[in-house]
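# Coordinate inspection notes
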Amino acid sequence: MKRQITDAFTDFFYEYETPRQVLVRNKKVGVVCRLVQLIVLVYIIGWVFVYEKGYQSTDKAVGSVFTKMKGVGYTAGINGSERVWDMAESVFPSQGDASIVVMTNYIMTEHQKIGKCPELQGKYSCRSNSDCDQGSLKRKMTGVCVNATETCEVLAWCPVEDDHNIPDPALLLSAENYTLFIKNSVTFPLFGVSRSNLVEGIDSNYISKCLFEPNDAPLCPIFRLGDIVKLSGFDFETIARLGGAIGIVVDWTCNLDVDLKHCKPKYSFHGLYGNSDENDTARASVGYNFRYAKHFMEGKIQTRTLHKVFGIRLDIIVHSLARKFDIIPTLTAIGSGVGIFGVATVVCDLVLLYLLPKRDFYHIMKFKQASTCAPIPESEECSTTTQLPKE
């Protein structure tokens, strides 16, 4: 055992392997070799360099987005008059964020005051006071059963909101003609390049007249709300009633090896929630809505008007990727490609040594152990001649 260990260490430290070039004239092996090399070459040129742009460095942008919605909506008011809804009342938040909500429908509960009143019919029905156990509801119950409605009395903002009957059609269908202005700036820190979606040719005169259209005005930063809904695949009347969400993607994919003016944004629209094809009536939550209240004093009593808002949420999402030539990834891609060419040698060696009929002959030609040579009589030299089998 000791001798075997010693021989293993000796062989490791005192042996050296060097490649041996053997020219094999075999059509099958030659075809396999060139075919593998061709596949590797196509992969390097087609995939690594053309498709994946392996000769370029990449960088993602940092940037900002702000929005401005314009338009006026009208609904029927008291005594046949019209109520006017401007952007301060129907767009949230009004400051212009990258995510905004446009009100398209609502349920209004006016003149609510803190007090005691019966729950809505159909909710928490009762026959006696014993059915109204205090504290068993989300609202605080008084323990009184109101005979007129056969519901429990609660301490809340009264009258309580009735949101069972959602207006159909939506009250603010006029919001379809609202316009959205998007201003987006991006910076690619690695390359020191900054761009805005107000690119060359987009000035104040152009903006005052343009409206986004995918074919005729693809760079116009002003969008009609009805067009946004349509391009996202939704129907405006359907999504306006219960609300939904739409994503507006601003895509900055730039090749900085060409003129900077070609670095322009591309807009696309995607329906995120509120698809008219969703016909499952058992869904736990439908549409998009939230509540807000306007408080005021009425005869020294705190009063509010509660709005349950159904709206279209618009999320502006910025995707960015810039590329530019760099010698380091270029050399890395070339080096890895050259290394992959070694696959052809491995495949051909497997064919030669294990698949062809003369594999024993090829094995002798490929591998030669110089240390096993036989000594020549009356001489201190060795013979390194290998007897090859006759064909």
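Residues numbered from 1 in each chain as written. Predicted model: local features only at pLDDT ≥ 70, side-chain atom pairs only at ≥ 80, totals over all residues. Heavy atoms only, no water.

### Brief notes about the pattern of salt bridges
Put simply, the rule reads: By salt bridge we mean one thing: a side-chain nitrogen of Lys or Arg within 4 Å of a carboxyl oxygen of Asp or Glu. In DSSP terms, a helix is any run of H or I states spanning at least four residues, a strand is any run of E spanning at least two, and both are numbered starting from the N terminus.
Counting across every chain of the model gives 11 salt bridges. Of the charged contacts, one joins E89 and K294 as a salt bridge, the two residues approaching to 2.9 Å between their closest N and O atoms. Pair noted here: E89 is in helix 3 (residues 87-90) and K294 is in strand 14 (residues 289-298), with a separation of 205 residues, a long-range link. A single salt-bridge network, built from bridges that share partners, covers E161, D163, R291 and K308.

### Comments concerning helix 8 (residues 342-355)
Rules: Expected helix span is computed as 1.5 Å times (number of residues minus one). Buried means the residue's accessible area, taken with a 1.4 Å probe over protein chains only, is under 20% of the maximum for its type, while exposed means over 50%, and partly exposed covers the values in between.
Here helix 8 spans 19 Å end to end across 14 residues, near enough to the 20 Å set by a 1.5 Å rise per residue. Those residues of helix 8 lying buried are A344, C348, V351, L352 and L353.

### Some points on helix 2 (residues 27-51)
Side chains that are three or four residues apart share a direction in an α-helix, a result of its 3.6 residues per turn. As a reminder, the rule being used: Residue contacts are counted whenever heavy atoms from the two residues lie within 4.5 Å of one another.
Compared with an ideal rise of 1.5 Å per residue, which puts 25 residues at 36 Å, helix 2 spans 34 Å between its outermost C-alpha atoms and is within 8% of the ideal. All buried positions along helix 2 are accounted for by V29, C33, V36, V40, I44, V48 and F49. Buried-residue contacts for helix 2 involve helix 7 (327-340) and helix 8. Looking one or two residues past helix 2, K53 carries a phi angle of roughly 50°, positive in sign.

### Topic: the state of the cysteines
Filter applied, for reference: The criterion for a disulfide is a pair of cysteine sulfur atoms lying within 2.5 Å.
Scanning the model with the defined rule gives five disulfides in all. Disulfide pairing is shown between C126 and C145; the S-S distance is 2.0 Å. Taking the sign of the S-S torsion, about 90° here, the bridge from C126 to C145 comes out right-handed. Separated by 19 residues along the polypeptide, C126 in the loop between strand 6 (99-118) and strand 7 (140-146) and C145 in strand 7 bring together distant segments of the chain. Note that C132 is cross-linked by a disulfide to C152, the S-S spacing being 2.1 Å. Taking the torsion about the sulfur-sulfur bond, which here is approximately -90°, the covalent link between C132 and C152 counts as left-handed.

### Some details on the packing of aromatic side chains
What counts is decided by this rule: Under the pairing criterion, centres of Phe, Tyr and Trp rings, with the six-membered ring standing for Trp, must be within 6.5 Å; the plane angle then separates stacked pairs below 30 degrees from edge-to-face pairs above 60, leaving the rest tilted. The rule for a charge over a ring is simple: NZ of Lys or CZ of Arg within 6 Å of the ring centre, and within 35 degrees of the ring normal.
Applying the stated criterion across every chain yields a total of 12 aromatic pairs. With 5.6 Å between their ring centres and 65° between their planes, F212 and F269 make a pair best called edge-to-face. Of the two residues, F212 sits in the loop between helix 4 (204-207) and strand 11 (222-224) while F269 sits in strand 13 (residues 266-273), which places them 57 residues apart along the sequence. Like F212, the residue F269 is buried in the burial classification. Aromatic pair F223 and Y267: ring centres 5.1 Å apart, planes at 75°, arrangement edge-to-face. Remark: Y267 occurs in strand 13 and F223 occurs in strand 11; sequence separation between them is 44 residues. Counting every residue linked through ring pairs, the aromatic cluster contains F92, Y288, F290 and Y292. Across from the ring centre of W85, 4.1 Å away, lies the NZ or CZ of R83, which sits over that ring.

### Some details on unusual backbone geometry
In this model, C158 is joined to P159 through a cis peptide bond whose omega is -5°. Here the residue pair D168 and P169 is connected by a cis peptide bond, since its omega of 5° sits within 30 degrees of zero. With respect to the element layout, P169 can be found in the loop between strand 8 (151-158) and strand 9 (179-188). Phi at E150 takes a positive value of approximately 55°, unusual for a residue other than glycine. Positionally, E150 belongs in the loop between strand 7 and strand 8. Non-glycine residue K300 carries a positive phi angle of around 65°. With respect to the helices, strands and loops of the structure, K300 is situated in the loop between strand 14 and strand 15 (301-325).

### What about the confidence of the model for the protein?
The cut-off we apply is this: For every residue, the predictor states its confidence as a pLDDT score lying anywhere from 0 to 100.
For the protein, per-residue confidence averages 83 on the pLDDT scale, and residues scoring 70 or more make up 86% of the total. For residues 384-391, every residue scores under 50 in pLDDT, and the model assigns this stretch 10 contacts once sequence neighbours within four places are set aside.

### Observations regarding the packing of helix 7 against helix 8
What counts is decided by this rule: Lines fitted to the C-alpha atoms define the axes, with helices restricted to the stretch that makes contact. Angles between their N-to-C directions range from 0 to 180 degrees. Each angle is binned into one of four classes, with values under 35 degrees roughly parallel, values over 145 roughly antiparallel, values of 65 to 115 roughly perpendicular, and all other values oblique. Residue classes follow a fixed rule: Ala, Val, Leu, Ile, Met, Phe, Trp, Tyr, Cys and Pro count as nonpolar, while Asp, Glu, Lys and Arg count as charged, and any other residue, Gly among them, counts as polar.
Between helix 7 and helix 8, the least distance of the axes is 4 Å, while the angle of their chain directions is 10°. Considered as vectors, helix 7 and helix 8 are oriented roughly parallel to each other. Taking contact as the criterion, the partners of V338, G339 and I340 in helix 7 are, on helix 8, G342, V343 and A344. Counted by class, the contact of helix 7 with helix 8 contains four nonpolar, two polar and no charged residues.

### A word on the nonpolar core
Most often, soluble globular proteins have nonpolar side chains that are buried together. Going by this rule: For this analysis, a nonpolar core means a set of buried residues of the types Ala, Val, Leu, Ile, Met, Phe, Trp, Tyr and Cys, connected via side-chain atoms within 4.5 Å.
Ranked by size, the top nonpolar core spans 44 residues in total, and within it M69, Y178, L180, I228, I246 and L314 carry the most contacts. Core analysis: the second largest hydrophobic core is formed by 14 residues, V40, A333, V351 and L352 among them.

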